[in-house]
Each structure stands twice: as C-alpha cells, then as structure tokens.
Amino acid sequence: MEKAHRSILRQKRAEIVQDLEVKYILDSLIEKDVINNEEQQRILAHSTTQDQARQLLDILPKKGPRAFDAFLESLEQDFPHIKDELVNNIRNTGSDCASITDSYKDILMRGGVPTHPNSVERNLMRNITGALQEVRKGKYVVLHGMPGSGKSVTAAECLWRNSDLVSNYFQDGVFWVKVGDVQPDQLLSRFRALCTKLDYQPLPNDIDEGQEILRKLLSDDKYENCLLVLDDVWKPEVIRAFQLPVKIMLTTQDSSIMDVINKDCYNLVDCQEGFSEKESLGFFSSTLKINEKELPDEAAEIHDAAKGNPMIISLIASLINQTKAQKSLERWRYYLSSLKNRRYNRITRQTSYDHAGILDAVKMSIDALDPDLREKYEQLVVFLDDDMIPTAALQKLWDLDQYEVEDIMIKLVKKSLAFSEWDSIQESTLYSFHDLHLEILRSQYETPSGKQKLKEMHANFVNKYLQTVDYIRFEALENDNYILTHLAYHLNKAGMNDYFPRIFLNLLYIEKVIKEFGTAGILHDYKRYRSLIEVNRAEEFGDTEEFCRTSGVVMCANKDVDIIQLGLGEPEYSKVFEKAKMLADSEENAYYLEWSNREGVNSRTIATVMHRDKEAHDISFLPDRRIATVTGDGVIKIWDWVHGEVVQRLRGHEGSVNCISYEPSEGLTLCSGGRDGTVKLWKLAPIPEPDPHAEHDKQNFHGRRGSVMKKSPKTSQPETWNQLNIFHKDDSVKTIKVTASTDKDLNEITAINWRPNSMDIAVATRSGTVLVYGENYKERFRITRHIDVVNAIAFNHTGELLAVCGDDTTVTVWNASTGNFLADIRYHDIRVIGLAWLGHLDKLASISQDDLVVWENPGTGAEVNPLTRNRGASWHCVAANDKIIAAGTITEKLVVLWCVETRQVVAALTGQTSHLVNLSFIQTEEEDEHEDEGDYDKVLLAGLSEQMLIVWAVDNVESDAIYPELLPLGPKHHTRWLKPGAFINNYNMAASNITNKKLAVLRQESSGGNVLSEDAITAAPDDRNRITILKNGRRIFASEPELDEITALRLSKDCDYAVYGTSVGFVKKFKFDKRHPSVQTLKEKHSSPIITIKVTSSGTVVSGGNDHKVKIYHPDGRIFTCEGHQSCVRDVELICGETQVLSCDREGILRNESLAAVGGVTGGVSIINLQTGKCLIKIAEQGPEIRRARFGPAGNILATGHDTGETQDSESNCFGGGNSKFTIQVWDIKTGRSLLTSPLKLHNSWVKDLAISKTLFL
C-alpha cells in the first residue's frame, strides 16, 4: 500500500473503528484477493466489531498497492459515508502523493543501490519483481546464477526501473550491502555499513552487538516496508548473521548457502538464463548510442557465440565503445572470432566492471572449491563445452558409484559450476558445464607438458570403456548415452588414432550406433575424422560411408534388422559385402540369405535421412544443393543431406508451415506460407567455411538431446527434430499478412512460388484466391477464378506464365505480369493436387489422384497427353525437368519416372516406408566442387515422406540403354528354378555362385547332401505392361506392351513360354524366342478378369476367373468349361500327376502332394491332408495378416508372406511384437516352429507371392 494511503488510514482510524462493521465487507475483500480465509478467521475471532475493525486496519497496509482501492469499493454499498470521507482526504493530499511517488529515486540513492550507465530491461526482471512483491519480513528472495549472469545488475535495474515497486512495497527504504567472499571476522564491516545507511550511531563494536542493534532498528514501524539487499553472498555464515526482521534480497552463485535455513523461508529465482537476442542487441544499442537497426550482423552472431552471457556482452560493448569503433566491422569481427575460438583473454577489462576479464571473474568460483572437489572438477576438462553428460559417464570418469556422483554434482550445481536437467526418457539426470568454466580448466594445460597430461587424461578416460570390451568387441560397448556419440572425439584427443579404422569400419559397431542414435552421428564422425579412419583403407571407407548414408535408415526404422543380412545385399564388389560375408561365415548360430542378383540391381539412392516430423508438407532443393523442408511443427529445416544433419532451423510461424520457395537469383532468401495466414521471408545462413585456426572441437553430436544450459533462448533450444517453437521466436526478416478472405481459416497459405527474374511472389490460399505481391511486397493483383481450395501454383522458367490448380478440378494459366487469364484445361475429374513445368520446355504437368497429364503449349495450345503405366496408381505429387517427369504414388510408395520425349516409363525409385508428400529436382550446370559430397550426378531428385528424406541420382536415366532400369514388376509374377546349364530358347543359363557356407549347410540338411545351385527364371509384367523375363533377377527379355492389364501369369515347366490372363478375360500364350517371339490368343475368353492360371508340362492351360468359371485349354484345341463355384475362382492347382484340377474360391489353398495349406487373411494357416480332410497343424496363428503361403519342394517347410498387420506381443510370437512390416517367415510344418531367428523384412509393400527352389533359394 502506498505511504499516502497508509497515512490516511491512520488519520481516520478512530472514525472507521467506530462506524465500520467488518463482517459486511469481508466477502468483497476475499473476492478481490485482498485478504485470505486465514486472515478472515483471525478478524472474526475478536468479539467486538471495534476490535474486528482494528484487526482489518492492521492487515490492510501490508497488502500491496491495490488494497486501498479494493477497500474503498467494498465500502460502496453499506458504508458510503466512510468511503466519501476517505476519498475527500485523498484529494486534499494529492500533491503529497505525487511527491512521494517521485521520491523513489531518493530512496534508492540513500540506500546505496548501484546504478549502471548502460543496461537493458530483461525478461528476468518480471520474475524478480513478482518475487519481491510476495516476500514477507524475515524471508528471502535469492537470485542464483553463475558469475557473469547479470544477477547484481539485474537486481539493481529491477529497482531503478520500477518506481511502483519501490513506492508501494519498499517505501521505507532499500538498503544495498555489498558482501563478497568475506571471512566471518570481516562481517562486522558489513554490519557497520548497514547501520550507517540506517543513520544509526554509534556503530557496533562486534557482530553480536550489530545483530542486536539491527534487530531493534528494523522492528520499528518506520522500517515496516523496507528491503535489505545482500549482494554477492558466498558463505552460509552471512545468512546466519543477517537473519533480521526485514525483507531480504540476495545474489549468489552458490545456492547451498541457503541450506542453513528452512526452505520455506526463501524463494529461489534462477538467473542462469542469459540475454535473449533482443536484449543483447538492445544493450549494444544503448551502450554504443546507435540505432538497433544500424548494428552489424556480427552483433547477433556475437550474441550466439557468447550464448547471451551478460558479462561477455557488456565487456565487448564497453570495449567497442571505448575504441569509438561502433561501426567498424573489423572490430566486431575481431571479438566474434575471439569468442568462436575461445580466446577470452582478448576480451579484457571494462572500466566499470569488478574483474579484469571474463576468465578472472569465473576463476574465483573454481578457486573457492575444497581440494578434493576441485581435483574432481578439474577432470571435467575432457568434456566438450555445454555438452550433456549422463551420470554413467561421470561414474566412469571418477570411478565412483551413482549416488556418490550425484552427491558431488548437487554441490557443483548449487555453486553454479554445473547445470542439471532431468531426462524423462532415460529417467536419469544429465549435466553440462559452461565453456567459460571449461576454458579455465583448459588454460592449465597450454604448456607442452600440460598438453601431454591432457592427452593422458583423455586416454585414461576412454580406456576405461575399451577395457570393458577387451579392446576388441567394440559393438559390446554399453550405451550410457555418452560414449557411443563421443568415442571419436576422445580417441582423437588421446592420440589413439590406430583405433579409428578398427572401430568406425566395424559393421557391428556401426549397427549399434545407428540403432541407438541414427545415422547422423556416425556420418558426422566420418566427415570430421575421415583422414584418421580411411588410412590405407580408402575404398573400404567410401563403401562403408555410402552404406550408412543409403541403408542406415533401414536399421533406424527397424531395430530387428541385422546389419549382416543388410550388408549381404550390397554389390559383390563392395567392401561392405565382403565384411558382411565374413561375419556370416563366422556366425555359428544364425542363417543368412545371400541376394544372388545384387549386381543386377543398380540403386539410384544416394542418401536416406530419417526424420521424426509428422505432417510432412513440402521440400525444395536450394541452389547450393542443401535441402529445405517444412512440416507440421512450424519449423523450417535446412539439411546437409550428405551427413544427415539439420544445419539451420527457422522459426516464426504460429502453427504449421505448408509450403516454401526460394528466390531464384541467389537462393539465400526463402519464402514460406503457413496455416497462420502469413508469408514469411528468411535469410539463409551460407555454408560455413571451416576455420583452420579453431582450437577446440565443437561438434554437434547427433546423440545429444541439446544443451539444457539456462542461457539465451535462441541457443538453449533442444536439438530434437520435432521440437516445438516453445520460445515463440521469429527468425524471419519480413512478414506479409495475407487477407484473401474475411474468414481467418480461409487465409491459410496452401502454395507459394517465387517468380524467376523478379521479386514477385505468388501466394495461394484455402479460399481459392491467388495473390501476387510485387515490389516492397505490395499486392499487385489477385486471381479469383478458382472456386475452391488452390493446391499448387507455379511460374514457368521465364516468369511469363503462372499456372494454378485446385480442388475445382481445373488447371488455369495466367499472364504473370498483368494477371490476365489465358487458358484452362478440364481433363481431370477430381481435385488437381500438383503442377510442374517441364524445365525450360513450354509444357506443364498436372496431377490428380487418378491421372497424370502433360499440357502442350499451355496458354495457347489445347493438346493434353496422359502419362500411363501398366496398372492404376494413386498419385500424390509431381516434379519435372527438361527430360524427366517424376510422380509419387500413395499405395505402392514408389516414384515413377517418365521420359519427357517418349512419354514412356523409364525407371521407378524405391526406398520409402510411407508415401512421399512432395518432390524436388535440382540440376547443376558445373561439376560439384564439394569434396564431402562425393562424385554425384548433376541431376538429383529429393522426396519427403512422413518418415524419410530421400535423395536419388537421376542423371541420364532417360537416355540409358534400351533396358536401363528394372521397372516395377507385377503385381503378378511367377518364378521357376532351372538346373545350371539349361537353355531358354537361345539363352544360355550359366550357374550362379553358391552363397556362404551357412546357407549351403541348410541346403544339405534339406536335400540329403546334394548341394546344387539353381537359376531363378521369373516372368512378370513391367510398368510398360511388357512380359519381362529375368534370370536370377537380371532382365534378359521383354515383349511388346500388352494393351490390357495382365492379371494372372505362369511360366511353362521348361521356361520357354508363359501363359497369362488379362483384365478383359483373354488367355494368351507368349513364346519368348530371341529370333521369333510370338503371342497366341486362346479362344473362348472369360467374361471377366482372370484371377488364376496354371500350365501343365504337356502344355494344357487351366484358368480361373471372376466369372466363377474354370477353363481348360488343351494343346490340340479342345476347350472345357467347368462351372459350379458360387464366387470368383481364386486358385486352381493340378493334382494326381496333372490329370485332375483342384480349384477353390477361398484364398490360401496351395497343393503339395497330399497336403494343402488353407487360410484366410487372418487366423494363420491350416495344414490339411487332402486324402482325409484332417487338419494336421496350424501355423502363424498370432502373426500379421497372411497374403501368400508356399510349400518348399520337399514338403517339410512352409514360407508365408505378410503385410503390415499388428502382431501380438508374446514370447511365442516369431514376429518380434509391434508392427511387422512386409515380412517373410519360414516354418517347420511338423512342429509349427519358425526356422528363422527373426522375420525377413525385404519389401516395402505386401508380400503377394513366393517361390522356393529345390536348394532353398527363396
């Protein structure tokens, strides 16, 4: 309560006590939070109304500035005469009140509160102000933070900047006492200083006398509302000595000094967090007397490098001001370089600061430690700045148990020499240490002998880990959430360079790291320590790095994937394959499958990055070959996709970011559109050049969760890929608020595109309106022709035309300069979801879920050509350049490529676990000079899905040989196994290599010791609807395209022809001969699609169709039709020496001699004896949905193919629990047990068919 108001209540106290009946106003005062229930009970405990009124008047003055006004309002209804009397008194003393308010500066000056010529208002002041308003007599507000965190300055500024706080809460005085690191016998001088401020004479002669004097002085009503500030308290003896009847605020770097009093007696205000970027720039502006907009970019970079540390910012601002170099970029860059390279000795004394330099201020807190604790603290020099250290790593460092470590760290945290945060995932505490502290420790090892000692400390630390695995079994290193992500750093510092190739080219170690932390960490180690890892093993290093970059994500997504099995799928010339095969041969208790046709498959994937973002929305290559992505978390990420790292995060949108585009001329300016209805422009950070003078490792380890240091909001953000914008920071340089509609939701930005050769930006909204912004981002014109959501917009390469498409099923083209309508097409029947100009050609591709078409000469021409393949597809996204059109499918999770010139499918790109949401091309004009990125093609294609970012090399894909790629096959296919040396009509079938000995042993057990290698002959339709013949996975022949979809297919027994059925009911026979290929259409077609087809060794063809009929075509021309099924014929089988036909209208019946496997999608497979009809055993009852089952040739095993169904989590479950994706399992039909230790996960879609050779090729 203000002093004037308290004075009025004292003057009118007798009148109020006489007239006021308190019980009538208590409810109002409680409602206004003036008094609480406890105080109400205390008032009503008095028996007379006069005593109750006196008790209320004793309470009100302590209730803050709002209490008096609330008291007046409560009097309004029942005691208006008392209110009027008080109000009149206020008017008569108004000038006195103003005088009291203005006197707060006198209060602070008399109390010795320090002033600072250059300061800035901090967010922290709000926390301090709130704590001071709540503090009571005999209680403390404790400002806790490391040296240089600005505790004292902020405390003083909080008082100087807040006249209401001083006038209303501490109007009886604020008394500032600088304490420091004093000995107990020096405390008397602090007591005498406080007595002087209180105008008391004579001064005390000892501490006991001083305590007694101060207790009496501060108990007087004249000091009822005063504040005592104890600045820079180091020892608990100070707290004991200053236990006085007064409100106290103190600053300290060691919160353990408060352990001498009850925790309820103090409120701890954390001051570890430094300046925000805004506060740092404001401080520079205030100190240097220049406008904040005139500050160089280096000012913000200094803030980042200093982590917002107030002491560092203050010292640098002072030094720049003293040299009169406010606008000298060289001076700013000098201090920035000093910070980045940890050369703090360059940043020396500021005249108004207590210490000679930054390190001097911090060193005092380390020197104050007791010898044993200091010895342990000095061992922390082996850690990186601000890195998160788990308790387990400190246990290893100090050879202590968990609880001993925790006790030590509690002490260090309280002394502001460490920082801690609870990790809820690992359920443990993580610790970090500020670079200033670690720099003090490093400074002790700058001499040659010191450097050798530091090297030995690193070696001692890392050897404690390596000795647990006998310096050999590196994959057995325990994951303590530290060593696996920091092993390379410590090995390098220890000079143990011979371990690099032994560890980082070890497949089993690589598997462990990737499964625990993803690929970014290991790829970062490859980048940083390449010269140490590839010593005399350059080829092995290159193969291993590429393997991690392209296949590592498979292990991230599926923890049960075996790296040995994965490595066996690499090309035979790969060092990874060689290492995997050696490991497979040495494994005693596992079987592995070797991919026999690996060299025939040329993958174009060059990088696969796992990301955890949901609601993936857009992707764009940048001209420097980095990639920008946007997702539903509101953060734009800039990727170094080669090493799987996010190199920049851009925050500012309030909600999801939907789309991005870059400024074409330079590419370092990005624009984005969000759900919040704003367009934002961003300046991208250039690719940093390595600093050859850097003295310390500053690695952004992927294994970290990000520093939890309480520092600048910008730099303390966790590095998790889906971190929410918790600081509400805006990194953008310009914001455009789009107002296409009065309905806020309809202003959501759905598409954005930057016009080439111009600063125009086109923006599409959910309302269907397209707005084009020009110079100074003013609206030039808007397009309102579309009546529903616009999904895509695109300028052509010259910037003359603008194409628009949307949910209204139309594609329109506009003059980009005037906004005039030119033309439209209405080919699509459903919403159009994507557009892409074909590079520099005058052609436009548009895509809906059902159709992909190319519009020739859009704007003037009307010719539209659809792009087709051999089956329907559910399209989702499209991208194009001059030569290639790429489109992503939803159901198959493929990217299909067409040649622009021929409009034929030329390739399909795989690797996605979910459908892509968007695609982006980049085509470079010159050779890439970045060594780290390898010798990649000039044309790259990137795709973004809900889980992955994938990059493919697609250079020359449209102009390779006649059969350049293995196009998507199926879905129908058939494989037979031929003995080596067999012929297929002029095609010699040479024997393939036998796989590793473990697989050979499996064959011996299954075939009586006769080990044979067989050739797999496969027939399947490809994406051009050609019957394609493959030998061991390599294409050897393809027919002319078939007009109708191929729905069933079967090879003859000697593999010299295939029979197949079509979607319109035709049965055809294709003889594949190099010289005289032919196709014969058999008579009497089915009336609906053919579902199944078989052929006997004599050439008889049996087909079953959707028309419920079975047809038998004999070679001599006889045709028989079998009827009787009530639903479509799902399968036919030849039995009894191919003299009888077994047909069924249930999925899952397969014949092998006298047995059949019968089953539906769920419920497993039943093995049935066809002679007796008895069920012998049930298999895979608890597994995921079964899509196909096949017997092995000997009839003793059954292979099952599955989809993505959920499996039950039980010990008997052979699928490992969780979500088993596209698995294959092999069973013993006698016992029902699985023969594989874990299911094979080889496909990105349902397993629809299987084939097993006599020697157990699958």
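Conventions and cut-offs
Residues numbered from 1 in each chain as written. Predicted model: local features only at pLDDT ≥ 70, side-chain atom pairs only at ≥ 80, totals over all residues. Heavy atoms only, no water. Helix = DSSP H or I, 4+ residues; strand = E, 2+ residues; numbered from the N terminus. Buried < 20%, exposed > 50% of the residue type's maximum accessible area, 1.4 Å probe, protein only. Areas by Shrake-Rupley, 256 points an atom, 1.4 Å probe, with all protein chains shown as cover. Polar contact = N/O pair within 3.5 Å; in protein donor to acceptor, adjacent residues only side chain to side chain. Contact = heavy atoms within 4.5 Å. Phe/Tyr/Trp six-rings, centres within 6.5 Å; stacked < 30°, edge-to-face > 60°. Axes fitted to C-alpha atoms, helices over the stretch in contact; angles between N-to-C directions. Parallel < 35°, antiparallel > 145°, perpendicular 65-115°, else oblique. Left-handed = near helix turned anticlockwise from the far one by under 90°. Nonpolar A, V, L, I, M, F, W, Y, C, P; charged D, E, K, R; others polar. Pairing = 2+ DSSP bridges. pLDDT = per-residue confidence, 0-100. Arc of directions from axis to C-beta.

Remarks on the overall build of the chain
Consideration 1: Helix and strand counts for the chain come out as 34 helices and 62 strands.
Consideration 2: For the chain, the proportion of its 1258 residues judged to be buried stands at 56%.
Consideration 3: Summed over all atoms, the accessible surface of the chain reaches about 54200 Å², with 46% contributed by carbon and sulfur.

Some details on the side chain of Arg976
Consideration 1: Structurally, the position occupied by Arg976 is in strand E37 (residues 974-978).
Consideration 2: Among the polar contacts made by the side chain of Arg976, one reaches the main-chain carbonyl oxygen of Ser1052 at a distance of 3.0 Å.
Consideration 3: Excluding residues within four positions of it along the chain, Arg976 makes contact with Asp1015, Ala1016, Ile1017, Arg1050, Leu1051, Ser1052, Lys1053, Cys1055 and Val1095.

Some details on the side chain of Glu892
Consideration 1: In this fold, Glu892 is placed in the loop between strand E31 (884-889) and strand E32 (895-899).
Consideration 2: The class for Glu892 is buried, based on a relative accessible area of 17%.
Consideration 3: A distance of 2.6 Å separates the side chain of Glu892 from the side chain of Arg869, its partner in a polar contact.

Some details on the packing of aromatic side chains
Aromatic ring pairs are described here by two measures, namely the spacing of the ring centres and the angle between the planes.
Consideration 1: The final tally for this structure, using the stated rule, is 22 aromatic pairs.
Consideration 2: Ring plane angle 75° and centroid distance 6.1 Å describe the contact between Phe175 and Tyr223, whose orientation is recorded as edge-to-face. A residue pair is termed long-range when its members are at least 10 positions apart, and Phe175 in strand E2 (residues 174-180) and Tyr223 in the loop between helix H14 (207-219) and strand E3 (227-233) qualify at 48 residues. When sorted by exposure, Phe175 lands in the same class as Tyr223, which is buried.
Consideration 3: Note on Phe191 and Phe242: the rings are 4.6 Å apart at their centroids and 5° apart in plane angle, and the pair reads as stacked. Of the two residues, Phe191 is situated in helix H13 (residues 187-197) and Phe242 in the loop between helix H15 (236-241) and strand E4 (247-252); the sequence distance between them amounts to 51 residues.

Focus on the packing of H13 against H14
In a pair of packed helices, the angle between the axes and the distance between the axes together describe the arrangement.
Consideration 1: Where H13 contacts H14, the axes come no closer than 9 Å and their chain directions differ by 30°. Judged by the angle between their axes, H13 and H14 are roughly parallel. In this structure, H13 meets H14 at a crossing whose hand is left-handed. Where H13 approaches H14, its residues Leu187, Leu188, Phe191, Leu194 and Cys195 are matched on the opposing element by Ile207, Gly210, Gln211, Ile213 and Leu214.
Consideration 2: Partitioned by chemical class, the residues of the contact of H13 with H14 number 8 nonpolar, 2 polar and no charged.

A few points about the pairing of strand E13 (residues 645-651)
Consideration 1: Extensive coverage of E13 is indicated by the burial of 6 of its 7 residues.
Consideration 2: For strand E12 (residues 635-640) and E13, the ladder comprises 6 bridges, and the chain directions are antiparallel. When the sheet's bridge partners are listed, Lys637 is paired in E13 with Arg649.
Consideration 3: Connecting E12 to the antiparallel partner E13 that follows it, the hairpin turn spans 4 residues, and Gly644 within it adopts a positive phi of roughly 70°.

Looking at the sheet that holds strand E10 (residues 618-621)
Consideration 1: Spatial ordering of the open sheet is given by E10-E11-E12-E13, a layout of 4 strands whose pairing is antiparallel. Strands at the two margins of the open sheet, each flanked by one partner only, are E10 and E13. If you compare each strand with its neighbour and ignore which way they point, the axes differ by 20° on average.
Consideration 2: As paired elements, E10 and strand E11 (residues 627-630) share 4 bridges and run antiparallel to each other. Bridge pairing in E11 places Ile619 opposite Thr629.

Describing the sheet that holds strand E33 (residues 905-909)
Consideration 1: Strand order in this open sheet of 4 strands is E30-E31-E32-E33, and the pairing throughout is antiparallel. Only two strands of the sheet have a single neighbouring strand rather than two, namely strand E30 (875-880) and E33. The mean inter-strand angle of the sheet, taken between neighbouring strand axes irrespective of direction, is 20°.
Consideration 2: Of the pairings in the sheet, the one linking E31 to E32 comprises 5 bridges and is antiparallel in character. Paired with Ile884 across the two strands is Cys899, which belongs to E32.

What to know about unusual backbone geometry
Consideration 1: The residue after Gln201, namely Pro202, is reached through a cis peptide bond having omega -5°.
Consideration 2: Despite not being glycine, Arg903 shows a phi value in the positive range, around 55°.
Consideration 3: Note on placement: Arg903 falls in the loop between E32 and E33.

Quick notes on the confidence of the model for the chain
Consideration 1: Confidence in the prediction for the chain averages 81 pLDDT; 84% of positions are at 70 or higher.
Consideration 2: In the model of the chain, helix H34 (residues 997-1007) stands out as the element of lowest mean pLDDT, 33, in contrast to helix H27 (residues 499-504), which has the highest, 96.
Consideration 3: Contacts from residues 986-1012, a stretch scored under 50 in pLDDT, to residues over four places away or in other chains number 65 contacts.
Consideration 4: Low pLDDT, under 50, characterises residues 1216-1220; the predicted model gives this stretch 15 contacts beyond four residues in sequence or across chains.

Things to note about helix H4 (residues 37-44)
Consideration 1: Residues of H4 that are buried: Glu39, Gln40 and Ile43. In a view along the axis of H4, the buried residues occupy a sector of 105°, so they form one face of it. H4 presents Asn37, Glu38 and Gln41 as exposed residues on the side facing more than 90 degrees away from its buried surface.
Consideration 2: Turning to H4, the residues buried within the fold contact helix H3 (26-31) and helix H5 (49-59).
Consideration 3: The N-cap residue of H4 is Asn36: its side-chain oxygen and the backbone nitrogen of Glu38 are 3.2 Å apart.

A few points about the environment of Ala836
Consideration 1: With respect to the helices and strands, the residue Ala836 is situated in strand E26 (residues 832-837).
Consideration 2: Taking relative accessible area as the criterion, Ala836 reaches 8% and is therefore assigned buried.
Consideration 3: Along the backbone, Ala836 and Cys877 are 41 residues apart, and their C-alpha atoms lie at a distance of 9.5 Å.
Consideration 4: If we skip the residues at most four places from it in the chain, Ala836 touches Lys843, Leu844, Ala845, Val878, Ala879 and Ala880.

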